[in-house]
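Reading the structure
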Amino acid sequence: MLVSILHRVTGDGMAIVGTVLFVWWLAALAGGKESYDAFLGVFTLADGRLNPLGYLFGIGLTLAFFQHLASGVRHLVLDTGAGYELGANKRMAQMTFFFSIIATAAYWALLLAGK
């Protein structure tokens, strides 16, 4: 039940937060250099690295994406009629959490190692 609720929460969260950030970014881009620098200043330090707020939003949206993806795949498997046994269903639900955490950590490790 928790995985199903998180699937909805992560989908809504990505849609709302992602849309607000995207529209803000577009407005800052259209507003000129000062506006865009102000937008970047909220999420980055002077040297271009992310500040804590930038990491919070970046890692949070990445974790939400991978959790939503894993849960969606789980629901796809359930739609085929497989995985309704109590043990299998519980394992699949737990695997969505493990996958999202590991995938997020791997993504950010690769992202930060490339700098």
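Now for a quick tour of the structure.

Quick notes on the rules
- Residues numbered from 1 in each chain as written.
- Predicted model: local features only at pLDDT ≥ 70, side-chain atom pairs only at ≥ 80, totals over all residues.
- Heavy atoms only, no water.
- Phe/Tyr/Trp six-rings, centres within 6.5 Å; stacked < 30°, edge-to-face > 60°.
- Helix = DSSP H or I, 4+ residues; strand = E, 2+ residues; numbered from the N terminus.
- Buried < 20%, exposed > 50% of the residue type's maximum accessible area, 1.4 Å probe, protein only.
- 1 Å grid on protein atoms, 1.4 Å probe; cavity = no way out; pocket = protein on both sides within 12 Å on 5 of 7 lines; lining within 4 Å.
- Points joined across faces, edges and corners; volume = space filled by probe spheres on them.
- Nonpolar A, V, L, I, M, F, W, Y, C, P; charged D, E, K, R; others polar.
- Axes fitted to C-alpha atoms, helices over the stretch in contact; angles between N-to-C directions.
- Parallel < 35°, antiparallel > 145°, perpendicular 65-115°, else oblique.
- Left-handed = near helix turned anticlockwise from the far one by under 90°.
- Contact = heavy atoms within 4.5 Å.

In this section: the packing of aromatic side chains. All chains considered together, the criterion is met by 10 aromatic pairs. When the ring of Y36 is compared with that of F39, the centres are 6.4 Å apart and the planes differ by 25°; the resulting orientation is stacked. With Y36 and F39 both in helix α2 (residues 33-43) and 3 residues apart, this pair spans about one turn of that helix. Residue classification places Y36 among the partly exposed residues on the basis of a relative accessible area of 25%. The buried category is assigned to F39, whose relative accessible area is 10%. Considering the side-chain rings of Y107 and W108, the 6.1 Å spacing of their centres and the 85° angle between planes classify their relative orientation as edge-to-face. Here the aromatic residues W24, Y36, F39, F43 and F57 are joined through ring pairs into a cluster of three or more.

A separate point is the layout of surface pockets. Empty space among the atoms can be located by rolling a probe the size of a water molecule over them. Of the volumes computed, that of the largest pocket is approximately 240 Å³. Along the walls of the largest pocket sit 13 residues, with L21, F39, F43, L50 and F57 positioned nearest its centre. Listed by contribution, the elements that provide at least two residues to the lining of the largest pocket are α1 (2-31), α2 and α3 (52-79). Of the residues contributing to the lining of the largest pocket, the split by class is 9 nonpolar, 4 polar and no charged. Put simply, the second largest pocket is a space of about 170 Å³. G58, T62, Y107, W108 and L111 are the residues nearest the centre of the second largest pocket, which is lined by 10 residues in total. Looking at the lining of the second largest pocket, its residues break down into 7 nonpolar, 2 polar and 1 charged.

This paragraph deals with the packing of α1 against α3. Where α1 meets α3, the axes come as close as 9 Å, and the angle between the chain directions of the two elements is 135°. Put simply, α1 runs oblique to α3. Along this stretch, α1 crosses α3, giving a crossing that reads as left-handed. Along its contact with α1, which presents V3, S4, H7, T10, G11, M14, V17 and L21, the element α3 presents F57, L61, A64, F65, Q67, H68, S71, G72, R74 and H75. Split by residue class, the contact of α1 with α3 holds 8 nonpolar, 9 polar and 1 charged.

Another point: the environment of G32. Note on placement: G32 falls in the loop between α1 and α2. Residues G32 and H75 lie 43 residues apart in sequence; the distance between their C-alpha atoms is 44 Å.

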